[in-house]
Amino acid sequence: MLAVLVRKDLLIEFRSREILISMITFGAAITLLYAFSFRPSPESMQTFAPGLMWMVFLFVSVLALHRSHSLEKEFDAFSMILSAPVERSVLFISKYLSGFIFLVVAQMVLLPLFFLFLQLPLPANLAQMVAVFLLVDLGISAAGSLLSGIVMRVRVNEMLLPLMLFPMVTPLLISAVKSTASIMDNQPFNQWKLWFQLIVSFVIVFSLIGYLIYDYVSEE
Amino acid sequence: MESFHSRQSSKVTAGILAVFWVVVLYLVLNVTRIDPDQQMAQKIFYYHVPSAWVAGLGYLVVMFAGVLYLIMKDEKWDHLGLAAAELGTLFCALVLITGPIWAKPIWGAPWSWEPRLTTVLIMFLIYIGYFMVRNFGDEGERTRRISAVLGIAAFLNVPIIYVSVKFWAADAQLHPQPAMSQQSPDVFWTFMLSLLVFTLLFVHLLRFRVHILKLRSKVLGMRYDV
């Protein structure tokens, strides 16, 4: 059932291409703005790059997360899904996974652009970088899918999602920026282990909260 | 339904609060010793710390009320949760106001990215979102349900926020580390009394607010009946 639900989300996206295209264009536009407004020396850029990078991805993720639930409002699709014999927590995981996939795909395009436009040196330890990125994406998607399910229920929800999401993911964002900075700085894992642990705890806490209480969010 | 202020228990609590509020003020200004380094600025501590405690208590109540609401679906738990969220945010605002008043003369700058202060600010922002959800949602059961979920998620996030902010700004650890047991008795007991008065004030306001919310939902219920 989970596979069917995720496949549905991906298929809709494959046919309409509205989420990924807007994510990538928006992300590229912010990256360009950064490049223009900072026009920095390469050293100072390296100091700011991790923070700027994660801000781009956080902004971009809002588009996917908001769409993942607002899509279901059209033609009242959500009630139909709810009337199908699907467990609500499975529904949460499907939203969680499709959000994660969109975020990863968008990053695969945006990250090279970011390094190219801001003329950053590639980090030596790519495996660590990939691991951190995947985990943080899981965290953003977990908290975001839960909040997106919540704000879908109220008016002016496109405005509310970032308002709720940004303060909620501050710990994740701080840890992501710190880990990314350490990796780009070639520091040994021991020195930034704490940030990695914080990311993991955030992912676990919000995946569990979502899994356990999405039932109450989705109920009609 | 009798009015809140005409109840015996409300009168007693309000009386105790009125008397002890003045007592605390007197003790703070005239009895407790003056800190040699911080002078009068230190006095705000008797109001700043209890405000922070009540804010935390408020948000804790929001979480428990949320859990109970989701289990029992009884509207009274939603009233409790909303009232506690409002008071928690009010006292959060007091913390955010009294903190900089104290910090300006002592640290030389009104704001520092100190973990406790930052955590309070983030919680404040999260709960602003909570109220927006409540305001933009309808009056129905669904809004109450999602607010309960939000209250739970927000509170479980506090420890993660605190740890992350603490290690993010490790150089900003300027906040006085509380060591109440080492304080002289006048400071200790005045502080404890202030804590008690603030807690009682919280309980009193909470009951008042819950009462009003109950009336409100009764009136709304009548409107739909007609």
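What you are looking at is a predicted structure, and each value in this text was computed from that prediction instead of being measured. (Residues numbered from 1 in each chain as written. Chains lettered and ligands numbered in written order. Predicted model: local features only at pLDDT ≥ 70, side-chain atom pairs only at ≥ 80, totals over all residues.)

Right, let's get into the overall build of chain B. Across its full length, chain B holds 6 helices and 0 strands. Projecting the C-alpha coordinates of chain B onto the three principal axes gives extents of approximately 65 × 45 × 25 Å. The buried share among the 226 residues of chain B stands at 35%. In chain B, 80% of the contacts between residues at least 6 apart in sequence involve partners at least 24 apart. (Helix = DSSP H or I, 4+ residues; strand = E, 2+ residues; numbered from the N terminus. Buried ≥ 20, exposed ≤ 12 C-beta atoms within 10 Å, placed from the backbone. Contact = placed C-beta atoms within 7 Å.)

Regarding its fold elements, chain A presents 9 helices and 0 strands. Reading the helices (α) and strands (β) of chain A from amino to carboxyl end gives α-α-α-α-α-α-α-α-α. Expected size for 220 residues packed as a compact globule is a radius of gyration near 17 Å; at 18 Å, chain A falls within 12% of this value. In chain A, which comprises 220 residues, the share counted as buried stands at 44%. (Rg over C-alpha atoms; globule rule 2.2 N^0.38 Å.)

Once that is clear, we can look at the interface of chain B and chain A. The interface is formed by 26 residues belonging to chain B together with 27 residues belonging to chain A. Of all the elements in the fold, those that place two or more residues in the side of chain B that touches chain A are α4 (115–136) and α5 (141–168) of chain B. It is α5 of chain B that provides the largest number of residues to the side of chain B that touches chain A, a total of 17 residues.

Moving on to the nonpolar core. In terms of nonpolar packing, the biggest core is built from 110 residues, with Ala143, Leu146, Leu147, Ile150 and Ile199 of chain A together with Ala84 and Val149 of chain B touching the most fellow members. Per-element accounting of this core gives the leading share, 12 residues, to α5 of chain B. Excluding residues within four positions of it along the chain, Ala84 of chain B makes contact with Gly58, Val61, Val62, Ala65 and Leu206 of chain B. (Core = buried A, V, L, I, M, F, W, Y, C linked by C-beta atoms within 7 Å.)

What follows is about unusual backbone geometry. Although it is not a glycine, Asn186 of chain A sits at a positive phi angle of roughly 60°. For Asn186 of chain A, the location among the structural elements is in the loop between α8 (170–184) and α9 (193–218). Accessibility expressed as a C-beta count within 10 Å gives 10 for Asn186 of chain A, which makes it exposed. Of note in the backbone geometry, Lys73 of chain B takes a positive phi value of approximately 55° without being a glycine.

With that settled, the discussion passes to the packing of helix α5 (residues 88–117) of chain A against helix α6 (residues 126–151) of chain A. Residues and elements named next belong to chain A. Interhelical geometry of α5 versus α6 gives an angle of 135° and a closest axis separation of 8 Å. Compared by their axis directions, α5 and α6 come out oblique. In terms of crossing hand, the pair formed by α5 and α6 is right-handed. Contacts between α5 and α6 pair Phe92, Lys95, Tyr96, Gly99, Phe100, Leu103, Val104 and Gln107 from the former with Phe133, Asp137, Leu138, Ile140, Ser141, Ala142, Gly144 and Ser145 from the latter. Here the residues of the contact of α5 with α6 sort into 9 nonpolar, 5 polar and 2 charged. (Axes fitted to C-alpha atoms, helices over the stretch in contact; angles between N-to-C directions. Parallel < 35°, antiparallel > 145°, perpendicular 65-115°, else oblique. Left-handed = near helix turned anticlockwise from the far one by under 90°. Nonpolar A, V, L, I, M, F, W, Y, C, P; charged D, E, K, R; others polar.)

Time to look at the environment of Glu220 of chain A. All names here are of chain A. Within the secondary structure, Glu220 is located in the segment after α9. Counting along the chain gives 67 residues from Glu220 to Arg153, while the straight-line C-alpha distance between them is 9.5 Å. For Glu220, the residues in contact, after removing those within four places along its chain, are Ser79 and Leu82.

The next thing to look at is the environment of Leu82 of chain B. Residues and elements named next belong to chain B. Among the structural elements, Leu82 can be located in helix α3 (residues 75–107). On the neighbour-count criterion, Leu82 (22 C-beta atoms within 10 Å) is buried. Through-space distance from the C-alpha of Leu82 to that of Tyr130 is 9.5 Å; in sequence the pair is 48 residues apart. Those residues within four positions of Leu82 in sequence are excluded, and the remaining contacts are Arg134 and Leu213.

All names here are of chain B. Direction vectors running N to C along helix α2 (residues 45–72) and α5 enclose 135°, while the axes themselves pass 8 Å from each other. Our classification of the angle between α2 and α5 gives oblique. Of the two elements, α2 crosses α5, and the hand of that crossing is left-handed. Two secondary-structure elements touch here, α2 through Tyr59, Leu60, Val62, Met63, Gly66, Val67, Tyr69 and Leu70 and α5 through Arg144, Arg145, Ala148, Val149, Gly151, Ile152 and Phe155. Per-class residue counts for the contact of α2 with α5 are 11 nonpolar, 2 polar and 2 charged.

When pLDDT is averaged along chain B, the result is 86; 92% of the residues meet or exceed 70. As scored by the predictor, the complex reaches a pTM of 0.86 and an ipTM of 0.84. (pLDDT = per-residue confidence, 0-100.)

All names here are of chain B. Its location among the elements puts Ala52 in helix α2. A residue is classified by how many C-beta atoms lie within 10 Å of it, and Ala52, with 22 of them, is buried. Those residues in contact with Ala52 that sit more than four places away from it in its chain are Val95 and Val120.

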